[in-house]
Amino acid sequence: QVQLVESGGGLVQPGGSLTLSCVAFGFTFSSATMSWYRQAPGKERELVARITDTGESTNYADSVKGRFTISRDNVKNTVALQMNSLKPEDTAVYYCNAVRVVWFGTIFDYWGQGTQVTVSS
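Residues numbered from 1 in each chain as written. Predicted model: local features only at pLDDT ≥ 70, side-chain atom pairs only at ≥ 80, totals over all residues. Heavy atoms only, no water.

Re the state of the cysteines
Here is step 1 of the chain: Summed over all chains, the structure comprises one disulfide.
Here is step 2 of the chain: Between the sulfur atoms of Cys-22 and its disulfide mate Cys-96 the distance is 2.2 Å. Taking the sign of the S-S torsion, about -80 degrees here, the bridge from Cys-22 to Cys-96 comes out left-handed. Here Cys-96 lies in strand β9 (residues 92-102) and Cys-22 lies in strand β3 (residues 18-25), a separation of 74 residues in the sequence. Cys-96 matches Cys-22 in its accessibility class, with the two residues each being buried. (Disulfide = S-S within 2.5 Å. Helix = DSSP H or I, 4+ residues; strand = E, 2+ residues; numbered from the N terminus. Buried < 20%, exposed > 50% of the residue type's maximum accessible area, 1.4 Å probe, protein only.)

Shown next, in the form of structure tokens:
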């Protein structure tokens, strides 16, 4: 059974840090591009950070560059998002995503259930 299970969300003060974790089950994790998305109330879901299957390449939304770091462990089937210098505008539900796209189409596209991050004093 395919699952992406996120953890690590919570309430943090502005300027604080949190680390989100996502553990994957039921598919070949090492073949997936992994991403973190977020969705704030009343807003569309947006890409926060992405890491390729080997971990060699990452990219970030401009709003989080220099503050967030995505990493993965293909032995433990986990992907993490280290979030530093958090701002109130980082408040959102954060989702883990696994996707594998090849030249002829999408092999799989899986989502976690989301974890709430609230940045507030």
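Past the structure itself, the notes keep going.
Some details on the sheet that holds strand β8 (residues 78-83)
Here is step 1 of the chain: If you trace the four strands from one edge of the open sheet to the other, you get β1-β3-β8-β7, paired in antiparallel fashion. The sheet is open, and its two borders are formed by β1 (3-7) and β7 (68-73), each paired with just one other strand. Strand-to-strand twist in this sheet, taken as the mean axis angle between neighbours without regard to direction, amounts to 15 degrees.
Here is step 2 of the chain: Here β1 pairs with β3 via five bridges, running antiparallel. Residue pairing in the sheet places Glu-6 in a bridge with Cys-22 of β3. (Pairing = 2+ DSSP bridges. Axes fitted to C-alpha atoms, helices over the stretch in contact; angles between N-to-C directions.)

Notes on the pairing of β3
Here is step 1 of the chain: The side-chain alternation of β3 yields one buried face, formed by Leu-18, Leu-20, Cys-22 and Ala-24, and one unburied face, formed by Thr-19, Ser-21, Val-23 and Phe-25.
Here is step 2 of the chain: Two elements, β3 and β8, share six bridges in a ladder whose sense is antiparallel. By the bridge assignment for β8, Cys-22 is matched with Val-79.

Read these as geometric descriptors, not functional statements.
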